[in-house]
Number of protein chains: 2
Amino acid sequence: MGRSPTDTKSKLLLTAADLIWQSSYGNVSVDDICKAADIKKGSFYYYFSSKAELAVATMEESFVSYELEIMNVLSPNLPPIQRFEALADFVYEKQQQAYAKYGRVCGCPCASLGSEMAGNEQLIQKKADEILHRQSDMLKETLQEMIDSGLLPPNTNISNIACQISTSILGQVMMARIQNNLSNLKNDLKISLFQTLGLKTPISGISTMLQEQQNGQ
Amino acid sequence: MGRSPTDTKSKLLLTAADLIWQSSYGNVSVDDICKAADIKKGSFYYYFSSKAELAVATMEESFVSYELEIMNVLSPNLPPIQRFEALADFVYEKQQQAYAKYGRVCGCPCASLGSEMAGNEQLIQKKADEILHRQSDMLKETLQEMIDSGLLPPNTNISNIACQISTSILGQVMMARIQNNLSNLKNDLKISLFQTLGLKTPISGISTMLQEQQNGQ
DNA sequence: ATACAATTTGACTGACCAGTCAAATACTAT
DNA sequence: ATAGTATTTGACTGGTCAGTCAAATTGTAT
């Protein structure tokens, strides 16, 4: 029954995600989104009950597609250390693509939105928190393999290291957005990841690592 | 000539800094600030030509007072390694005080504002960038001492390490704000700082460090 | 063809926004 | 006292905001 389904909802989601990523939640109005998507405001509120609900939906949608890409980057075909190198490269390239497309460093959509709205919209704060946890969880499998193969000590706290790595990436990506400059991200992200893992800095590209003893306390 | 000077301007600055720190630039209106400071909007625009100009002024003001505290924490009375421990403790305590006062983790005012407005208000973006550089510069003196006393290799790139440390702190403080949770900040900040310095994790409080060789490439 | 359901439209509301301004006030120097 | 200046006030503007809604449209099933 009814009309045939359309792409209206996903068009709104994609448009909103783009606009908010470049700018911010507060600086993008529902009217802006509707105008950019060429959809009337009435339709917007047919699909979303509020602007905040839309924001939460964009966060989920953006993260799911990001998750797929990351799963590919962290593919078990590569040895674990090279996976982390690939991760750092991926994060940088993603920002560079956004820079080429939008003319500025955009940062992490979830973190920017989360920080902006943390004190005002609990729905958004909770969603940001959830996604950051999911992001961190994606690293656990690779870390477990590193323990199994002796690259990390057996008493390593996997959750904790995963969290530290996520936090480190978040810091560098945020800094890049604030400074509107990608050079530190390009140069330091890999170094920082390997330090968190307790490994020496890789000689660019060639993963000839020396393992450092890292004791949990 | 004229009336005697009043504290109107500084009252506006302090009130605005507080409100924006807890919430965000976009979610705090000029009316909100005036109401909280019990000052009429006409007076606001007597002292500030725009909301963005006020924001820039609060950033400068907040940073200058922060700078004084940091200079004290990094006081040359302590050995360099203990200074960094004290820095980590200070950052945590500062957030805890804000939590007690405002009921939530507030994060870094400069970074939150900078991220929020980076794509919209160039004045704010530039100010955030400037302050992050000044913050990073404050670490250089201590790092130089560490080189001089052999705690860091002589070919260490001081600017780069200072920048990495600032970025690391920023990441953890931002993460704490987004998650509204201080436990990771408390536990991981010190670890992360020492990893960036290429030093082993200190055994809590007692700075019996082992130095790691850290080669620049 | 017609009834019914899903979707779209555009005009609307009332609140709030940043910013303006002429007039009032309060102080100081003479 | 009075003239001049610094500061404060409150009422105002025009625009934008999130959100509403009744009516129109477009499809589908019978």
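Residues numbered from 1 in each chain as written. Chains lettered and ligands numbered in written order. Predicted model: local features only at pLDDT ≥ 70, side-chain atom pairs only at ≥ 80, totals over all residues. Heavy atoms only, no water.

Q: Got a minute to help me understand the interface of chain A and chain B in this structure?
A: In many analyses, interface size is given as the accessible surface area lost on bringing the parts together. Residue-level contacts link 46 residues of chain A with 46 residues of chain B. Regarding the contact of chain A and chain B, the summed buried area is about 3600 Å², with carbon and sulfur atoms giving 50% of it. For chain A, the biggest contributors to the area lost against chain B are Met175, Ile178 and Gln195 of chain A; these three give 17% of the whole. Summed over the shared surface of chain A and chain B, the number is 0 salt bridges. Summed over the shared surface of chain A and chain B, the result is 10 residue pairs in polar contact (both at pLDDT 80 or more). Elements supplying a minimum of two residues to the side of chain A that touches chain B: helix H6 (109–117), helix H7 (122–137), helix H9 (158–179) and helix H10 (183–196) of chain A. When residues of the side of chain A that touches chain B are assigned to their parent elements, the largest contribution, 13 residues, is made by H9 of chain A. (Contact = heavy atoms within 4.5 Å. Buried area = accessible area lost by both parts, 1.4 Å probe. Salt bridge = Lys/Arg side-chain N within 4 Å of Asp/Glu carboxyl O. Polar contact = N/O pair within 3.5 Å; in protein donor to acceptor, adjacent residues only side chain to side chain. Helix = DSSP H or I, 4+ residues; strand = E, 2+ residues; numbered from the N terminus.)

Q: What am I meant to see in the relation of the copies chain A and chain B here?
A: When chain A is fitted to chain B, the residual RMSD is 0.0 Å, and the transformation amounts to a turn of 180° plus an axial shift of 0.0 Å. What the superposition gives is, in effect, a two-fold axis relating one chain to the other. The C-alpha atom lying nearest the rotation axis in chain A is that of Gly171 of chain A; the distance is 1.7 Å. Both copies contact each other with a shared surface, as 100% of the interface residues of chain A are interface residues in chain B too. (Least-squares fit on C-alpha atoms with pLDDT ≥ 70 in both.)

Q: Help me understand the side chain of Ser136 of chain A in this model?
A: Residue and element names in this part refer to chain A. Considering the arrangement of structural elements, one finds Ser136 in helix H7. When its relative accessible area of 8% is taken as the criterion, Ser136 is described as buried. Only 3.4 Å separates the side chain of Ser136 from the backbone nitrogen of Cys163, close enough to count as a polar contact. (Buried < 20%, exposed > 50% of the residue type's maximum accessible area, 1.4 Å probe, protein only.)

Q: Quick question: what am I supposed to make of the UniProt feature "domain: HTH tetR-type" (unreviewed entry) in chain A here?
A: Mapped onto this numbering, the UniProt entry annotates "domain: HTH tetR-type" (unreviewed entry) at residues 6–66 of chain A. Within residues 6–66 of chain A, the helical portion is 75% and the strand portion 0%, while the C-alpha atoms at the span's ends are 24 Å from each other. (UniProt positions renumbered as here; feature names shortened; annotations may be inferred.)

Q: What exactly am I supposed to notice about the nonpolar core here?
A: Judged by nonpolar contacts, the single largest core of 128 residues is most densely connected at Leu87, Ile124 and Leu143 of chain A together with Leu87, Ile124, Leu143 and Ile165 of chain B. Apart from residues no more than four positions distant in its own chain, Leu87 of chain B is found in contact with Ile70, Val73, Leu74, Leu139, Ile169 and Leu193 of chain B. (Core = buried A, V, L, I, M, F, W, Y, C linked by side-chain atoms within 4.5 Å.)

Q: What should I look at first to understand the packing of aromatic side chains in this one?
A: One pair of aromatic rings is described through two measures. These are the centre distance and the angle between the planes. Counted according to the given criterion, the structure contains 12 aromatic pairs over all chains. Pairing Trp21 of chain A with Tyr102 of chain A gives two aromatic rings, centres 6.0 Å apart and planes at 75°, and the pair type is edge-to-face. Of this pair, Trp21 of chain A sits in helix H1 (residues 8–22) while Tyr102 of chain A sits in helix H5 (residues 80–102), and the two are 81 residues apart along the sequence. A residue is classified by how much of its surface remains accessible, and Trp21 of chain A, at 17% relative accessible area, is buried. Within the aromatic cluster, the residues linked to one another by ring pairs are Phe44, Tyr45 and Phe48 of chain A. Positioned above the aromatic ring of Tyr25 of chain B, the side-chain terminus of Lys51 of chain B is 4.2 Å from the ring centre. (Phe/Tyr/Trp six-rings, centres within 6.5 Å; stacked < 30°, edge-to-face > 60°. Lys NZ or Arg CZ within 6 Å of the ring centre and 35° of its normal.)

Q: Looking at this model, I keep getting lost on the side chain of Glu116 of chain A. Mind explaining?
A: Structurally, Glu116 of chain A is set in helix H6. As a buried residue without a salt bridge, Glu116 of chain A has its nearest oppositely charged side chain in Arg177 of chain A, at a separation of 6.9 Å. Other than its neighbours up to four places away in sequence, Glu116 of chain A contacts Ser24, Tyr25 and Gly26 of chain A together with Ser23, Ser24, Asn27, Glu116 and Arg177 of chain B. (Lys, Arg positive; Asp, Glu negative; His and termini not counted.)

Q: Please explain helix H5 (residues 80–102) of chain B as it appears in this structure.
A: Two residues of an α-helix separated by three or four positions point the same way, owing to the 3.6 residues in each turn. The end-to-end C-alpha separation of H5 of chain B is 33 Å, in line with the 33 Å expected for 23 residues at 1.5 Å each. Following H5 of chain B by one or two positions, Gly103 of chain B has its phi on the positive side, about 80°. (Expected span 1.5 Å × (residues − 1).)

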